[in-house]
Amino acid sequence: MSNEILNYDKVAEASLAKAKRDGAETMWDRKAAQKTQCGFGEAGVCCRICAMGPCRVSPVPGKGAERGICGANADTIVARNFARMIAGGASAHSDHARDIVHAMHATKAEGPFKIRDEAKLRRISAEWGIEGADTKETYALAHELAEMALGEFGKPFGTQRFLKRAPQARQDVWEREDIAPRAIDMEVTTLMHSTHMGCASDYESIFRRGMRTGMADGWGGSMIGTEFSDILYGTPTAKASSSNLGVIDKDQVNILIHGHDPNLAEMIVLAAENPEFIEMAKAKGAKGINIVGMCCTGNEMTMRHGIKIAGNFYQQEMCIITGAIEAVVVDVQCIFPALPALAKKYHTRFISTSEKAKIAGDMFIKFSEATGLDNANEIIKIAVENFPNRDASKVEIPDIKQDTLVGYSVEAIIDHLDKVVNTNTSDAMGTVKPLTDVIYAGVIRGAAGVVGCNNPKVEHDYAHVTVLKELIKRDVICVVTGCAAQAAAKAGLLTLEAKEMCGRGLKEVCERVNIPPVLHMGSCVDISRILHLVNLCADVKGIDPALLPVVGIAPEWMSEKAVAIANYVVGSGINTYLGIIPQVLGSPNFTKLMTEDCQEFLGAHFVFEKDPLVMVDKIMVDLEDKRTALGI
Ligand code: SF4
Ligand code: FE2
């Protein structure tokens, strides 16, 4: 692995040069300090789950120690390490979802936490079998639904309620293979138990328990996170935004919201509209207050409010290095612990807000549903009052930004399709049938969900953008979430004009439906929107989604959450392509189980491929094979 600075995004070059001039440390300095990363860890064969260890076994069969002190071999150690990543990822998404549900439980008509999509509240209440879903008083119903949702985390019996959204054929696979997830906390706990020292050693059994825990994330925590956020804050609709560091405005008070949970960010966006704060900002010499987003908090806010996207995961330090951020406000997940020290190099205040992600080094303001708006007011005040402390000589904002379209929830996509149905066909409205039809007709060859993080093991955004450009050129419609969505935004792929980069079929679809060829579907928990969309398409044809020409892709992933996601996507019958090789190669048996054998019982498998161009070639073969099998 090379330690050189790799730059796809042009802003990076300027930012990192400025960081050097300012004497500010970045992830690249720390990456260089790591020197060569541990080969045992990379292969997944280092075990430290008990105090007899750590033990490391040889990643090469027949060379060196083949077993740890307890006798665990590479298969067991790799499987356990991988499974524990799934548990970590599923916990993060699901605990985020639980906080959303708690916020819903705290809603009142007089707000600030209130129900903004009542129709969706009633729809999901009916879907979950609540009597009187269409007649009960809004807040009584919201509290009842919230309590039911809290049960999904810890109920003693039964499986996740949203599983019923899948066609029967897929539900049958889950039943047969015993991977239908039960209560979310139960799955995580069982997996941690199962991978405790001296429990499971059978690598396939560990893989299956891991898969079920991943499924608890996708069809449980993530789906609850998405749907309940929509009820609380509104279901996204298509809207304009802009992206990249150039959205930071040197004339305004800039507040960067970063993390994943929209609860506090919603309050900040609401509070920033208060004319008193705008006046206060003007009194301090600023023209106004500019909220910019990063990572998935940014995605949540851009999907619902058009908040500008400052960048993705890899740009969190670069934002501060502009010298023009008055406050970085973070909630949970994907926040570098390095940020407070970096902020101190400038005038930036760093404010962490969640007990679960209390970050040492600057300020902590505890967010709660009871005090949410007060917390937001306090944060905005701190930012505004910090504006005069800005050092003009340190301000340098790369003049690069890109217009973008965001907000394509499943409902927004159906809404766009309805407009075509209305004018051109006699099909029923309110369904995804027109999308399935163009795939079956071959006008577009298939669909891809491109998701995930950035990872300094590869050139920033290069794999995201390359995969997307090559796929749309080959008439594959793409949906994006997370940092992949922000990479696509910065590259201009989330625009109507991007149709010019498409093959003929996809271009025609974009023109008729008036959509970009790459659709921003939200944050990482919103991969559940993609799951829902694929399952609705499969439902139209009455088939298992595993038969559809669709793939999941994570070109630059890095987090445990991504491991949980990849598992539930495969468990949902969708082949999943990973551009970063997971730490499993130390067990050829486990690797084969993931990349080949699980096809047999799940109808899908993982593909590891570092080269984005080779990956696209493999995907096209995969999609065309699916088409042939369907006879389309
Ligand atoms: Fe070593 Fe076994 Fe303990 Fe792992 S569980 S650290 S392999 S003794
Ligand atoms: Fe994310």
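Residues numbered from 1 in each chain as written. Chains lettered and ligands numbered in written order. Predicted model: local features only at pLDDT ≥ 70, side-chain atom pairs only at ≥ 80, totals over all residues. Heavy atoms only, no water.

The protein is annotated in an unreviewed UniProt entry as Carbon monoxide dehydrogenase from Acetobacterium tundrae. Per its UniProt entry, the protein bears the Catalytic activity (unreviewed entry) comment "CO + 2 oxidized [2Fe-2S]-[ferredoxin] + H2O = 2 reduced [2Fe-2S]-[ferredoxin] + CO2 + 2 H(+)". (UniProt positions renumbered as here; feature names shortened; annotations may be inferred.)

Asks: Help me understand the overall build of the protein in this model?
Replies: Broken down by element type, the protein carries 24 helices and 16 strands. Against the compact-globule benchmark of 26 Å for 632 residues, the protein has a radius of gyration of 24 Å, which places it among compact chains. Each principal axis of the C-alpha distribution contributes one length, and for the protein these read about 65 × 65 × 50 Å. A separation threshold of at least 6 residues defines the contact pool for the protein, and within that pool the share at least 24 residues apart is 75%. Once the 68 positive and 80 negative side-chain charges of the protein are each reduced to a mean point, those two points are 3 Å apart. (Helix = DSSP H or I, 4+ residues; strand = E, 2+ residues; numbered from the N terminus. Rg over C-alpha atoms; globule rule 2.2 N^0.38 Å. Contact = heavy atoms within 4.5 Å. Lys, Arg positive; Asp, Glu negative; His and termini not counted. Charge placed at Lys NZ, Arg CZ, Asp CG, Glu CD.)

Asks: Would you mind showing me how to read the nonpolar core here?
Replies: It is characteristic of soluble globular proteins that their nonpolar side chains tend to be buried jointly. Counting residues in each nonpolar core, the largest one holds 173 residues, and the members touching the most others are Met104, Phe207, Phe228, Ile289, Leu471 and Ile553. The biggest single contributor to this core is helix α4 (residues 74-105), with 15 residues. Once you skip the residues sitting within four places of it in the chain, Phe207 turns out to touch Asn567, Phe590, Leu593, Met594, Cys598, Phe601, Leu602 and Phe606. In this structure, Val11, Met27, Val292 and Tyr346 belong to the second largest nonpolar core, which totals 35 residues. (Core = buried A, V, L, I, M, F, W, Y, C linked by side-chain atoms within 4.5 Å. Buried < 20%, exposed > 50% of the residue type's maximum accessible area, 1.4 Å probe, protein only.)

Asks: Can you help me understand the coordination of the iron ion (ligand 2) in this one?
Replies: With distances of 2.2 to 2.3 Å, the protein atoms coordinating the iron ion (ligand 2) are His260 (NE2), Cys296 (SG) and Cys524 (SG). Each donor residue of the iron ion (ligand 2) lies on the same chain, and together they follow the pattern H-x35-C-x227-C. Of the two residues, His260 is situated in the loop between β4 (253-259) and α10 (262-272) and Cys524 in the loop between β13 (518-522) and α21 (527-541); the sequence distance between them amounts to 264 residues. Taking relative accessible area as the criterion, His260 reaches 4% and is therefore assigned buried. (Donors = N, O, S within 2.8 Å, 3.2 Å for Na, K, Ca; no water.)

Asks: Is there a simple way to think about the domain arrangement of the protein in this case?
Replies: Buried accessible area, meaning the area lost when the parts come together, often serves as the stated size of an interface. Assigned domains within the protein: domain 1 (10-56), domain 2 (74-233), domain 3 (245-394) and domain 4 (404-630). Between the C-alpha centres of domain 3 and domain 4 there is a distance of 32 Å. The interface of domain 3 with domain 4 comprises 18 residues on the first partner and 24 residues on the second. Counting each side, the surface lost to burial between domain 3 and domain 4 is near 1500 Å², with a carbon and sulfur contribution of 64%. (Domains from an automatic or database assignment. Buried area = accessible area lost by both parts, 1.4 Å probe.)

Asks: Can you help me understand the pairing of strand β3 (residues 239-243) in this one?
Replies: The element β3 is largely enclosed, with a buried count of 4 among its 5 residues. In the sheet, β3 pairs with strand β10 (residues 402-406) via 5 bridges, with the strands oriented antiparallel. What sits directly across from Lys239, in β10, is Val406. (Pairing = 2+ DSSP bridges.)

Asks: How do you make sense of the site of ligand 1 when you look at a structure like this?
Replies: Every residue close to ligand 1 is listed here: Cys47, Ile49, Cys50, Met52, Gly53, Cys55, Gly68, Ile69, Cys70, Arg80 and Met197. Residues belonging to the shell around ligand 1 are distributed by class as follows: 8 nonpolar, 2 polar and 1 charged. (Near = heavy atom within 4 Å. Nonpolar A, V, L, I, M, F, W, Y, C, P; charged D, E, K, R; others polar.)

Asks: Would you take a moment to explain the sheet that holds strand β16 (residues 606-608) for this structure?
Replies: Pairing between the strands of a sheet comes from backbone hydrogen bonds, and it takes one of two forms, parallel or antiparallel. An order of β13-β12-β11-β14-β15-β16 is seen for the 6 strands of this open sheet, with the pairing classed as parallel. Strand pairing shows two members of the sheet lacking a second neighbour, β13 and β16, which therefore form its edges. Direction aside, the axes of adjacent strands within the sheet are offset by 25° on average. Summarising the sheet, strand β12 (residues 476-481) and β13 pair through 4 bridges and their orientation is parallel. Residue Val479 lies in a different strand from β13, and its bridge partner there is Leu519. On the sheet, helix α19 (residues 482-490) packs against β11 (446-450), β12 and β13 and is oriented at approximately 115° with respect to β12. (Axes fitted to C-alpha atoms, helices over the stretch in contact; angles between N-to-C directions.)

Asks: Would you explain the pattern of salt bridges in this entry?
Replies: A pair can form between side chains of opposite charge whenever their charged atoms are brought close. By the definition in use, this model includes 48 salt bridges. Among the salt bridges present, the one from Asp178 reaches Arg212, with a minimum N-O distance of 3.4 Å. With a gap of 34 residues between them, Asp178 in the loop between α7 (168-177) and α8 (184-194) and Arg212 in helix α9 (residues 203-233) connect regions that are remote in the sequence. The residue Glu470 makes a salt bridge to Arg474 at a minimum N-O spacing of 2.6 Å. Arg474 sits in the partly exposed class, given a relative accessible area of 29%. (Salt bridge = Lys/Arg side-chain N within 4 Å of Asp/Glu carboxyl O.)

Asks: Explain the packing of aromatic side chains here, please?
Replies: Remark: the centre distance and the inter-plane angle together describe each pair of aromatic rings, the angle taken between the planes. For the structure on display, the rule yields 9 aromatic pairs. Ring geometry for Phe113 against Phe367: centres 6.4 Å apart, planes inclined by 65°, an arrangement best described as edge-to-face. Remark: Phe367 occurs in the loop between β9 (363-364) and α15 (372-386) and Phe113 occurs in the loop between α4 and α5 (118-127); sequence separation between them is 254 residues. The class for Phe113 is buried, based on a relative accessible area of 3%. We classify Phe367 as buried; its relative accessible area is 16%. Measuring from ring centre to ring centre gives 5.1 Å for Trp174 and Trp219, while their planes differ by 65°; the resulting arrangement is edge-to-face. With Trp174 in helix α7 and Trp219 in helix α9, this residue pair connects regions lying 45 residues apart in the sequence. For Trp174, a relative accessible area of 0% gives the class buried. For Trp219, a relative accessible area of 0% puts it in the buried group. The ring centre of Trp128 lies 5.5 Å from the NZ or CZ of Arg161, which sits over that ring. (Phe/Tyr/Trp six-rings, centres within 6.5 Å; stacked < 30°, edge-to-face > 60°. Lys NZ or Arg CZ within 6 Å of the ring centre and 35° of its normal.)

Asks: It is not clear to me how the side chain of Lys155 should be interpreted in this structure. Could you clarify?
Replies: Within the fold, Lys155 resides in the loop between α6 (138-154) and α7. Once residues lying within four places of it in the same chain are set aside, the contact partners of Lys155 are Gln160, Arg161, Ala183 and Met186.

Asks: Would you take a moment to explain the environment of Ala180 for this structure?
Replies: Along the chain, Ala180 falls in the loop between α7 and α8. Along the primary structure Ala180 and Trp219 are separated by 39 residues, whereas in three dimensions their C-alpha atoms are 9.3 Å apart. Sequence-distant contacts of Ala180, defined by excluding residues within four places in its chain, comprise Thr159, Leu163, Trp174, Glu187 and Arg212.

Asks: What am I meant to see in α10 here?
Replies: Three- or four-residue spacings in an α-helix give side chains the same orientation, since the helix completes a turn every 3.6 residues. Of all 11 residues making up α10, 10 are buried, and the element is well covered by its neighbours. Residues Pro262, Asn263, Leu264, Ala265, Glu266, Met267, Ile268, Val269, Ala271 and Ala272 constitute the buried set of α10. If you check the start of α10, you find a side-chain oxygen 2.8 Å away from the backbone N of Asn263, and it comes from Asp261. (Polar contact = N/O pair within 3.5 Å; in protein donor to acceptor, adjacent residues only side chain to side chain.)

Asks: Teacher, can you tell me more about the packing of helix α17 (residues 433-441) against α21 here?
Replies: Geometrically, a packed helix pair is captured by the angle between its two axes and the distance between the axes. For the pair α17 and α21, the least separation of the axes is 9 Å and the interaxial angle reads 75°. Relative to α21, the element α17 lies roughly perpendicular. Residue-level contacts link Lys433, Leu435, Thr436, Asp437 and Tyr440 of α17 to Leu533, Cys537, Val540 and Lys541 of α21. Among the residues forming the contact of α17 with α21, the class breakdown is 5 nonpolar, 1 polar and 3 charged. (Parallel < 35°, antiparallel > 145°, perpendicular 65-115°, else oblique.)

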